[in-house]
Amino acid sequence: MIIRSSQELKERYQDLCSGDVFLGILAYKHIKQSILIDLMERGVSCFPSPLSQVLNHSKVTQAVVLNNWMLPHTFVIARRTDLIAAINIYNRLKITPVVTKEDHLHCGHGVRKWDTIETLYNFMALSETPYPFVIQPFLDNFVDVRVIIAGEYIEAYVRHNPDNFRMNISMGGKNYPFEMNTELLNFCKTVMERGKFPYAHLDIQVTDDGTYYLSEIALNGGTKGSKIPGKELNQMKSDVLERLANS
């Protein structure tokens, strides 16, 4: 049995058994991870993979699972002691300023820049800002590249905003084409393979020396700067899932 919608999944949830397939992103808002675990334990295959759906939902989880591809000294701060440990490392390495990413916020809304990590610590001590969050060095000079991969479709374009360090097009950034090369494509596919993403929108930081770092990865993302219409891209993604279900 192949389930193709969240509504159908809810209606037939108790009937699912080993060998059945669910296609799509789970719509359960607060218990998504629990449902994914239950489906896995019952032998129900999910496409996109449970891992990719969890990573898609959480920047913090991405920073744990995909840390090897991210900017060096990217840490997950789950409690105050983690922040103090990061202070020791950043001060020893003379890293200032820093950037934090709040979990579950998208389009640049949860990205914040701090002049020093001590400023961040003082703010956290007097605020109710929730843990966990991601912290990493502020990268002053880089090219922000959005890569979209869905089946045979591959596209890359630069996002740039001279007035805001947040490069998101929704935040006022502009876009122009970026020539995809084999090295960048292999980098993206390696990240996708680790996270078990069948398709992806990847935000890549390209430094002056040509090094690639993963900023974020998502199953779905904005297509304002893309050459392909959103409806056509979504159909390509559906085709990818159908092929996986029938493979």
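Residues numbered from 1 in each chain as written. Predicted model: local features only at pLDDT ≥ 70, side-chain atom pairs only at ≥ 80, totals over all residues. Heavy atoms only, no water.

Student: How should I be thinking about the overall build of the chain in this particular structure?
Tutor: Within the chain, the secondary structure is distributed over 8 helices and 12 strands. Dimensions of the chain, computed from the C-alpha atoms along their principal axes, are close to 55 × 40 × 30 Å. Expressed as a percentage of the 247 residues in the chain, the buried residues total 47%. Considering only residue pairs separated by 6 or more positions, the chain has 57% of its internal contacts joining residues 24 or more positions apart. Carbon and sulfur atoms make up 51% of the accessible area of the chain, which totals about 13000 Å². Computed over 26 positive and 27 negative side-chain charges, the separation of the two mean positions in the chain equals 3 Å. (Helix = DSSP H or I, 4+ residues; strand = E, 2+ residues; numbered from the N terminus. Buried < 20%, exposed > 50% of the residue type's maximum accessible area, 1.4 Å probe, protein only. Contact = heavy atoms within 4.5 Å. Areas by Shrake-Rupley, 256 points an atom, 1.4 Å probe, with all protein chains shown as cover. Lys, Arg positive; Asp, Glu negative; His and termini not counted. Charge placed at Lys NZ, Arg CZ, Asp CG, Glu CD.)

Student: Please clarify how the environment of Glu155 should be interpreted in this entry.
Tutor: Relative to the helices and strands, Glu155 is located in strand β9 (residues 153-160). Separated by 30 residues in sequence, Glu155 and Leu185 place their C-alpha atoms 9.9 Å apart. Discounting residues that sit within four places of it in the chain, Glu155 has contacts with Arg146, Val147, Ile148, Gly225, Ser226, Lys227 and Ile228.

Student: I tried to follow the sheet that holds strand β2 (residues 21-23) on my own but got confused; where do I start?
Tutor: In spatial order, the strands read β1-β2-β3; together these 3 strands make up an open sheet with parallel pairing. Two strands bound the open sheet, and with one partner strand each, they are β1 (2-3) and β3 (45-47). Where β2 and β3 come together, 3 bridges link them in parallel fashion. Within β3, the residue paired with Leu23 across the bridge is Phe47. (Pairing = 2+ DSSP bridges.)

Student: Looking at this structure, how should I read the nonpolar core?
Tutor: Soluble globular proteins tend to bury their nonpolar side chains together. Counting 41 residues, the largest nonpolar core has Leu66, Val147, Val191, Leu202, Ile204, Leu214 and Ile217 as the members making the most contacts within it. Mapped onto this core, the elements with two or more residues apiece are β2, α4 (59-65), β8 (143-150), β9, α7 (182-195), β11 (199-206), β12 (212-218) and α8 (230-245). The element contributing the most residues to this core is α7, with 6 residues. Beyond its immediate chain neighbours, meaning those up to four positions away, Leu202 contacts Val145, Arg146, Val147, Ile149, Cys188, Val191, Met192, Leu214, Glu216 and Ile217. (Core = buried A, V, L, I, M, F, W, Y, C linked by side-chain atoms within 4.5 Å.)

Student: Would you take a moment to explain the side chain of Ser58 for this structure?
Tutor: By secondary structure assignment, the location of Ser58 is in the loop between α3 (50-57) and α4. Looking at Ser58, its side chain comes within polar contact range of the main-chain nitrogen of Val60, at 3.4 Å. Among residues more than four places away in sequence, those in contact with Ser58 are Asp103 and His104. (Polar contact = N/O pair within 3.5 Å; in protein donor to acceptor, adjacent residues only side chain to side chain.)

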